[in-house]
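Chain and residue survey
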Amino acid sequence: MSLALNDLLICCRQLEHDRATERRKEVEKFKRLIRDPETVQHLDKHSDSKQGKYLNWDAVFRFLQKYIQKETECLRTAKPNVSASTQTSRQKKMQEISSLVRYFIKCANKRAPRLKCQELLIFIMETVKDSYNGVIYGADYSNILLKDILSVRKYWCEISQQQWLDLFSVYFRLYLKPSQDINRVLVARIIHAVTKGCCSQTDGLNSKFLDFFTKAIQYARQEKSSVGLNHILAALIIFLKTLAVNFRIRVCELGDEILPTLLYIWAQHRLNDSLKEVLIELFQLQIYIHHPKGAKTHDKGAYESTKWQSILYNLYDLLVNEISHIGSRGKYSSGSRNIAVKENLIELMADICHQVFNEDTRSLEISQSYATTQRQSTDDNIPCKRRKIELGWGVIKDYLQKSQNDFNIVPWLQIATQLISKYPASLPNCELSPLLLILYQLLPQQRHGERTPYVLQCLTKVALCQGKKSNLESSQKSELLKLWTKIWCITFRGISSEQIQTENFGLLRAIIQGSLVEVDREFWKLFTGSACRPSSPAVCCLTLALAICVVPETAKMGAEQNIYEVNRNFTLKESIMRWLLFYQLEDDIEDSTVLPPILQSKLPHLMLEKILVSLTMKNCKAAMNVFQSVPEGGQPHKDKEESSFSEVEELFLQTTFDRMDFLTIVKECAVEKYQSSIGFSVHSNLKESLDSYLLKLSEQLLNNYSSEVTNSETLVRCSVLLVGVLGCYCYVGVITEVEACTSELFQKAKSLMQCSGECISLFKNKTNEESRIGSLRNMMQICTSCLCNYNKKNANKITSGFFLRLLTSKLMNDIADICKSLASFMKKPVDYGERESVEDGTDDHLREINAPSSMDLFHDYPAGDVSDSAECGECQSTIGAMNPLAEEYLSKQDLLLLDMLKFLCTCITISQTNTLSFRAADIRKKLLLLVDSSILDLTKSLHLHMYLVLLKELPGKECPLPMEDVVELLKPLSLVCSLYRRDQDVCTTILNHALHVVTNLDHGSVDTENTRDAQGQFLTVIGI
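Criteria and cut-off values
Residues numbered from 1 in each chain as written. Predicted model: local features only at pLDDT ≥ 70, side-chain atom pairs only at ≥ 80, totals over all residues. Heavy atoms only, no water. Helix = DSSP H or I, 4+ residues; strand = E, 2+ residues; numbered from the N terminus. Buried < 20%, exposed > 50% of the residue type's maximum accessible area, 1.4 Å probe, protein only. Contact = heavy atoms within 4.5 Å. Areas by Shrake-Rupley, 256 points an atom, 1.4 Å probe, with all protein chains shown as cover. Salt bridge = Lys/Arg side-chain N within 4 Å of Asp/Glu carboxyl O. Axes fitted to C-alpha atoms, helices over the stretch in contact; angles between N-to-C directions. Parallel < 35°, antiparallel > 145°, perpendicular 65-115°, else oblique. Left-handed = near helix turned anticlockwise from the far one by under 90°. Nonpolar A, V, L, I, M, F, W, Y, C, P; charged D, E, K, R; others polar. Phe/Tyr/Trp six-rings, centres within 6.5 Å; stacked < 30°, edge-to-face > 60°. Lys NZ or Arg CZ within 6 Å of the ring centre and 35° of its normal. Core = buried A, V, L, I, M, F, W, Y, C linked by side-chain atoms within 4.5 Å. Expected span 1.5 Å × (residues − 1). pLDDT = per-residue confidence, 0-100. Patch = residues over 30% accessible without salt bridge, like charges linked within 9 Å, V, L, I, M, F, W, Y side chains within 5 Å. Arc of directions from axis to C-beta.

In terms of regular secondary structure, the protein chain is built from 47 helices and 2 strands. Residues counted as buried form 54% of the 1024 residues belonging to the protein chain. Long-range pairs, those at least 24 residues apart, make up 79% of the contacts in the protein chain between residues at least 6 apart in sequence. Total accessible area on the protein chain is roughly 46100 Å²; 49% of this is exposed by carbon and sulfur atoms.

Moving on, we get to the pattern of salt bridges. The final tally for this structure, using the stated rule, is 36 salt bridges. Linking K25 and E22 is a salt bridge whose minimum nitrogen-to-oxygen distance equals 4.0 Å. One end of the pair, K25, and the other, E22, are both in helix α2 (residues 20-33), 3 residues apart, so they sit about a helical turn from each other. One salt bridge in this structure joins D691 and K687, with 3.1 Å as the shortest N-O distance. Here D691 and its partner K687 are both found in helix α31 (residues 684-703), 4 residues apart, which amounts to about one turn of the helix. The pair formed by D691 and K687 is uniform in burial state, with each residue classed as buried. Because the salt bridges share partners, they merge into one network encompassing K764, K810, D814, D817 and K926.

A word on the packing of helix α43 (residues 963-970) against helix α47 (residues 1008-1022). Where α43 contacts α47, the axes come no closer than 8 Å and their chain directions differ by 25 degrees. As judged from the angle between their axes, α43 and α47 are roughly parallel. Once α43 is placed against α47, the crossing between them reads as left-handed. In contact with M963, E964, V966, V967 and L970 of α43, α47 contributes N1010, T1011, D1013, A1014, Q1017 and F1018. Per-class residue counts for the contact of α43 with α47 are 6 nonpolar, 3 polar and 2 charged.

Moving on, we get to the packing of aromatic side chains. How two aromatic rings sit relative to each other is set out by the distance from centre to centre and by the angle between their planes. Per the counting criterion, the structure on display carries 32 aromatic pairs. Here F168 and F209 contribute two aromatic rings whose centre-to-centre distance is 5.2 Å and whose plane-to-plane angle is 85 degrees, an arrangement assigned as edge-to-face. Note that F168 is positioned in helix α9 (residues 161-175) and F209 in the loop between α10 (184-201) and α11 (210-222), a separation of 41 residues in sequence. The class for F168 is buried, based on a relative accessible area of 1%. We classify F209 as buried; its relative accessible area is 7%. Between Y288 and F645, the ring centres sit 6.3 Å apart and the planes meet at 20 degrees, which makes this aromatic pair stacked. Of this pair, Y288 sits in helix α14 (residues 273-290) while F645 sits in the loop between α29 (620-629) and α30 (646-655), and the two are 357 residues apart along the sequence. By the ring-pair criterion, three or more aromatic residues cluster together here, those being F168, F172, Y175, F209, F212, F213, Y219 and F239. Positioned above the aromatic ring of Y729, the side-chain terminus of K687 is 4.9 Å from the ring centre.

Turning our eyes to something else, we now look at unusual backbone geometry. Keep in mind that most residues, glycine aside, have a negative phi and that most peptide bonds are trans. In the Ramachandran plot, S515 falls in the positive-phi region, its phi being about 50 degrees despite a non-glycine side chain. On the basis of relative accessible area, S515 is assigned to the exposed category, the value being 56%. Despite not being glycine, L606 has its phi angle at roughly 65 degrees, a positive value. Tracing the sequence through the fold places L606 in the loop between α27 (572-582) and α28 (607-615).

This part is about the nonpolar core. F30, Y171, Y316, W484, F523, W524 and F903 are the most contacted members of the largest nonpolar core, which totals 341 residues. Per-element accounting of this core gives the leading share, 13 residues, to helix α32 (residues 712-731).

Compared with the 18 Å implied by 1.5 Å per residue over 13 residues, the 19 Å span of helix α25 (residues 536-548) between its first and last C-alpha is a close match. Of all 13 residues that make up α25, 10 are buried, and the element is covered over most of its length. For α25, the set of buried residues is A538, V539, C540, C541, L542, T543, L544, A545, L546 and A547. Buried residues along α25 sit against α23 (501-513), α24 (521-525), α27, α28 and α29.

A few words on the environment of L542. Examined against the element boundaries, L542 turns out to sit in helix α25. Assessed through its relative accessible area of 0%, L542 is described here as buried. The sequence separation of L542 and L508 amounts to 34 residues, and the corresponding C-alpha distance is 9.8 Å.

A few words on the side chain of Q476. Secondary-structure assignment places Q476 in helix α22 (residues 474-493). Relative accessible area serves as the criterion here: at 13%, Q476 is assigned to the buried category. Those residues in contact with Q476 that sit more than four places away from it in its chain are N429, C430, L432 and S433.

Taken over all residues, the pLDDT of the protein chain has a mean of 83, while the share at 70 or more is 84%. Here residues 374-382 scores under 50 on pLDDT; set against residues more than four positions off or in separate chains, the count is 7 contacts. Within the model, the stretch residues 634-642 combines pLDDT values under 50 with 16 contacts to residues more than four positions away or in other chains.

On the surface, a nonpolar cluster with roughly 250 Å² of combined accessible area is contributed by L991, L1019 and I1022. Assessed through its relative accessible area of 33%, I1022 is described here as partly exposed.

The N-to-C vectors of α28 and α29 enclose an angle of 150 degrees; their axes lie 8 Å apart at closest approach. Taken together, the axis directions place α28 and α29 in an arrangement best described as roughly antiparallel. Crossing handedness for the pair α28 and α29: right-handed. Between α28 and α29, the residues in contact are K610, I611, V613, S614 and L615 and C620, A623, M624, F627 and Q628, respectively.

On to the environment of I487. With respect to the element layout, I487 can be found in helix α22. Under the relative-accessibility criterion, I487 is labelled buried at 0%. In this structure the C-alpha to C-alpha distance between I487 and L436, which are 51 residues apart in sequence, comes to 9.5 Å.

Another point: the environment of P260. Position of P260 among the secondary structure elements: in helix α13 (residues 248-268). Beyond its immediate sequence surroundings of up to four residues, P260 is in contact with G255, K307 and I311.

Right, let's talk about helix α1 (residues 3-14) for a bit. One full turn of an α-helix is made of 3.6 residues, so residues set three or four places apart face in the same direction. Look at α1: 17 Å from first C-alpha to last across 12 residues, which is about the 16 Å you get at 1.5 Å a residue. Buried within α1 are the following residues: A4, L5, L8, L9, C11 and C12. The buried residues of α1 all sit within an arc of 165 degrees when viewed along its axis, so they share a single face. Counted as exposed and oriented over 90 degrees from the buried face of α1: L3 and R13. Considering only its buried residues, α1 is in contact with α2, α3 (37-49) and α4 (57-77).

Structure below.
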């Protein structure tokens, strides 16, 4: 044993000395020794080796526990009746002991979690459950549990199901303890974290634990205190989401039981915004479970009960009052204030309106249970207060009319918009004209006011709703046509306002889609003059118009003429092309340094190209319809986000047997509805003009190119535009693929990609240059979006093939080299879950020894003393230990690396069916080098991400990997599963990402030996 460890061992034994003064001296020496670098190094080494014969951190912790027991026993047996100064000294001693424990844990786990989770939990649980020790150390040890155990991912994954349940029971009993000296915020935060851990790491809590939550809610009402309730309800939401799948009726019954109490708490207590947010989420969850997908009757899948109907009416009444109160606060508040109500409240209100609105019921008398006092609710002889409430669309119309204040109008515009959008059938035919008239009257009152975007959004949803109604009477259609014509004109006048341009074009698009008015020449002028820029909303609107309407040959220009019409008469189609490509730029575009807006706009893939090619066709409408009708399959999809509750709602509907589509598998796009229409007639003059314009655009970029200054993202956008136009022409049969690849446009696209390759090469030597990272990430995402692995030929597939030919061997190898460089870049390791600097924390804990405890578990906290910020603690997403796959662990360089990997993998998977300028096998070999044990460190978040990306993206569905490469790819799988076998979130991701490998494992009939090897590796890992 080293001298340093020998000193520590002697010190630890002296901590059990009978004399208090000797123990006090040894404590100071103990704190110094556990900071000593040599001692720490030996303790770390012995803890990692797991050899019990040497002194390690766990052994030191056991000595520390004996010291604490001895000091506590002295305090327990001390005389109770002492002077104030003696009592103060004892309090200080308790604080010193607690701080010493926290300080020791920080020192031991500073570099990595080395103390055994089980021993820490047993120590804390026994202390908290002990009636005497709990009073003395409960708060500090609970703080340690929350911040130093439950926030560390390694410990989070090592806690067993029984330990989770024990923690839940212990702390919920503390929360429900009738005394007033419980710090309920701290306890509630622990309950929140424990519930989250138990539901994510195990099979979850048993339904019997719902009784704890019911009691906590009743306690909040009886004690008129909502301290910590936001964390209790957040925990309940987590619990209910896992429970609802198998115990829907039990969850519905719980909602019927607790919601009246929660409505009372909302109405009678002064709640902070944090608690209201959680209540809204809980109410919304109950709506989803009672009424999946908006089902209103039992036959359609709803859970019905008389009590629930009463709750819905009371909730509706409460939220109407809440929204009115929000409007009043805004109306009389000083300074600027957002006039909109939060989306979660609007969505909840819309769902409730859908349930309670009935064409036959305009008003209803309800028992206002949430206004009942505690005494009344327990006395059956005292009737509940009764109140008449107004229902139906008349309520929304009244609120839109009775006030001119935006704070009162906008929330109801939001509700109407959400209600019509989510439930179009909820708007009766008879209410269509009156509502449209009110919205029309609101529109011009404040052309540039804050309410205008909300009026336009509501009108858009009304237009889409009317377009779906086929049973309108002719007289009503005539009335609606007059209103829509007026609205159409007003919308035109506001199109120049950039603040509401998105909403204006959205409304125009909805009107055109529903054929609510006849599109006139004035509409087409929007896309030729200077009224608006070629933004994404404008281009989307133009796309729909081209698919539905016939473009006139010319548009009569008014006083406001475009500069292009001064010297030459262009057709309308050519004017639109010029507007798209050269908005407000002069004819000498090649010498201009100003970039056209279209190269700086993010548009849906190939939308601009389809418009440009369609405009050159004699039958523009037919061409656009051909483009729009082809399925977009094969586009690289984004990673699937965390499952929403929508899937559970679908399950509820399926189990009612009202919907049977889950019994049949329908293959979408099994038959192509439209085939490529070879022989489309093209206007040769327009095609030549378009080619000329595109060449000018590319020349401008090339003439002004500088590897140090030019944005690589812009070069790639222009290159994609060129090959996209060529791909669309090939798809409709205007040119062949051979002609496209020998065209001047294709050569310009090559030149542009070569320039972007130089930007990549420049970054290769300066990977720490953060100023370029954002642009390069956008470039990688654009490149990946251009690649299509769909097996049926369409414009996307052809364009994808052209784009692959632009990728040079140097560019691909440079990107692969950058990936290796970024993967090898050593950064300070991250301790998962640790949210504060240990170095900073060390000094803080030393100071705590001489300072009063910052948080006591047993202390008298008047309800009013707990501020919103103290009660809120941390938001739900930061409760518990953070997933090692969380994006928070990744730097900008890390995210760039992952984007580059996805791009390279996509190129490789679709390379077998395309002509290439690079060797896909060479790039694949370079990528597989990244999973070599000399580079890959799966304890790092980045490397875990990196391996999972390769595991998911490298094996293609249509183009499987060679079996020898599958073997290489699977080699780290055993280690990653071993490292994270207890982390359920990571295990789920691994299984999802391994699906493509499974399909690859049955394609290796030629390479029998490697196939058996790969299959054996995979089956061994997954335990079959």
